[in-house]
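# Coordinate analysis (summary)
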Amino acid sequence: MKLPGKTSVARMQRTAMLEAERIEIVQDHWVKEGAITEPVPYMVQRRDDLMGVVRMIDAINSDPDLLDRVKKRMAALASAADAAMAAPATTVGGEDATIDDSEVAD
């Protein structure tokens, strides 16, 4: 699978903010139109999580040393991911496949 492309901290923050806003607008619209009686709880949680990401990025941006460390770590992870994608696939059960031992986030 192709890895995600490059991004920036500012772009990630803007995307999280826009998505949180979109969720809120849609949920409010559906309540107003009578399609649902109240916002869907898991969508409210998703909106809250995205706004948490926005606040976290605000906190990172407010500390220049932390911002530099985060950017360096993101660059290191990106180069490691690029190297992993460039590595040849290992053979498993007679078929070519890459083995991924990383944890999958919720």
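Scroll up a little and you will see the structure.
Overview of the structure. Source: prediction; values computed, not measured.

## Some details on the nonpolar core
- Ranked by size, the top nonpolar core spans 6 residues in total: Ala16, Ala20, Ile23, Met43, Leu50 and Val54.
- For this core, the secondary-structure elements that each account for two or more residues are α1 (9–33) and α2 (41–61).
- Not counting chain neighbours up to four residues away, the residues in contact with Val54 comprise Gln13, Ala16 and Met17.

## With respect to the pattern of salt bridges
- Applying the stated rule across the entire model yields 3 salt bridges.
- Taking the shortest distance from any N to any O, the salt bridge between Glu19 and Arg22 comes out at 2.6 Å. With Glu19 and Arg22 both in helix α1 and 3 residues apart, the pair spans about one turn of that helix.
- You can call Glu19 partly exposed: its relative accessible area is 29%.

Reading the values: rules and limits
- Residues numbered from 1 in each chain as written.
- Predicted model: local features only at pLDDT ≥ 70, side-chain atom pairs only at ≥ 80, totals over all residues.
- Heavy atoms only, no water.
- Core = buried A, V, L, I, M, F, W, Y, C linked by side-chain atoms within 4.5 Å.
- Buried < 20%, exposed > 50% of the residue type's maximum accessible area, 1.4 Å probe, protein only.
- Helix = DSSP H or I, 4+ residues; strand = E, 2+ residues; numbered from the N terminus.
- Contact = heavy atoms within 4.5 Å.
- Salt bridge = Lys/Arg side-chain N within 4 Å of Asp/Glu carboxyl O.

Honestly, that's just the spatial picture; any functional story needs more than this.
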